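# Tertiary structure, described
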Amino acid sequence: EQVQKCIKEYGLEEIVKYIGWITGEKKIELLNKSDVYILPSYSEGLPISILEAMSYKLPIISTNVGGIPEVVFNDQNGYLITPGDQPALKICIDKVLISETLRKKMGENSYTLSQKHFPYEIEQKLTTIYTELLKKLKVYDDYLSLQEKINSKMSEKLTQKKLLSLDKALRE
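Anyway, here's the lowdown on the structure attached to this text. The model shown is predicted, which means the values in this text are computed figures rather than measured ones.

## A word on the pattern of salt bridges
Applying the stated criterion to the full structure yields 6 salt bridges. Residue Lys 27 is joined to Glu 52 by a salt bridge in which the shortest nitrogen-to-oxygen separation is 2.7 Å. Here the residue Lys 27 occupies a position in helix H2 (residues 24-33), and Glu 52 occupies one in helix H3 (residues 48-55), the gap between them amounting to 25 residues. Glu 100 is the partner of Lys 104 in a salt bridge, and the nearest nitrogen-oxygen pair spans 3.2 Å. Placement of the pair is Lys 104 and Glu 100 together in helix H5 (residues 100-114), with a separation of 4 residues, close to one helical turn.

## Some thoughts on the pairing of strand E2 (residues 60-63)
Here E2 shows no split at all, with Ile 60 and Ser 62 on one side and Ile 61 and Thr 63 on the other all buried. Strand direction decides the pairing type here: strand E1 (residues 37-39) and E2, joined by 3 bridges, are parallel. The residue of E2 that forms the bridge with Ile 38 is Ile 61. Note on the crossover from E1 through H3 to E2: the handedness is right-handed.

## Digging into the side chain of Ser 62
If you trace the backbone, Ser 62 turns up in strand E2. Relative accessible area serves as the criterion here: at 1%, Ser 62 is assigned to the buried category. A distance of 2.6 Å separates a polar side-chain atom of Ser 62 from the backbone oxygen of Leu 39. Excluding residues that lie within four positions of it along the chain, Ser 62 makes contacts with Leu 39, Ile 50, Ile 68, Tyr 79, Leu 80 and Ile 81.

Rules behind the numbers
Residues numbered from 1 in each chain as written. Predicted model: local features only at pLDDT ≥ 70, side-chain atom pairs only at ≥ 80, totals over all residues. Heavy atoms only, no water. Salt bridge = Lys/Arg side-chain N within 4 Å of Asp/Glu carboxyl O. Helix = DSSP H or I, 4+ residues; strand = E, 2+ residues; numbered from the N terminus. Buried < 20%, exposed > 50% of the residue type's maximum accessible area, 1.4 Å probe, protein only. Pairing = 2+ DSSP bridges. Right-handed = clockwise from strand over helix to strand, strands pointing away. Polar contact = N/O pair within 3.5 Å; in protein donor to acceptor, adjacent residues only side chain to side chain. Contact = heavy atoms within 4.5 Å.

Take a look at the structure:
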């Protein structure tokens, strides 16, 4: 209610919409329609919402708190400001909204930077870490042997299921 009141009080209804908490299809729709993602937090870790916005090729305007400076870089994929610095926030918003070229360049950079945080990339990094750990513990060969046995058993079961399905189909 307080946010809606401020929007109305300052006559921003035409350019600012406060929607509240969103998920699913609505979130996807809004990220696709957005020109910039703004998160002027006073305290954060590394917000997933910033990584999501980056994956939608959005420039980011946020604060230099928590893990945000690890993914948002001034003049590269957005701007970082000091929490509570409203004049700086306005300047950054103006820069991004005035220049479509800047918006697109920063959005592309956001997307490129976000890729290393995609699930596939994380899976690859974890696999490397665990493989190195297993090798150091000298159990890597045992692990591979066990993995081969599991794969062999799974393959056997799949083959048996296929044969049973084929047998059943032939009987019908």
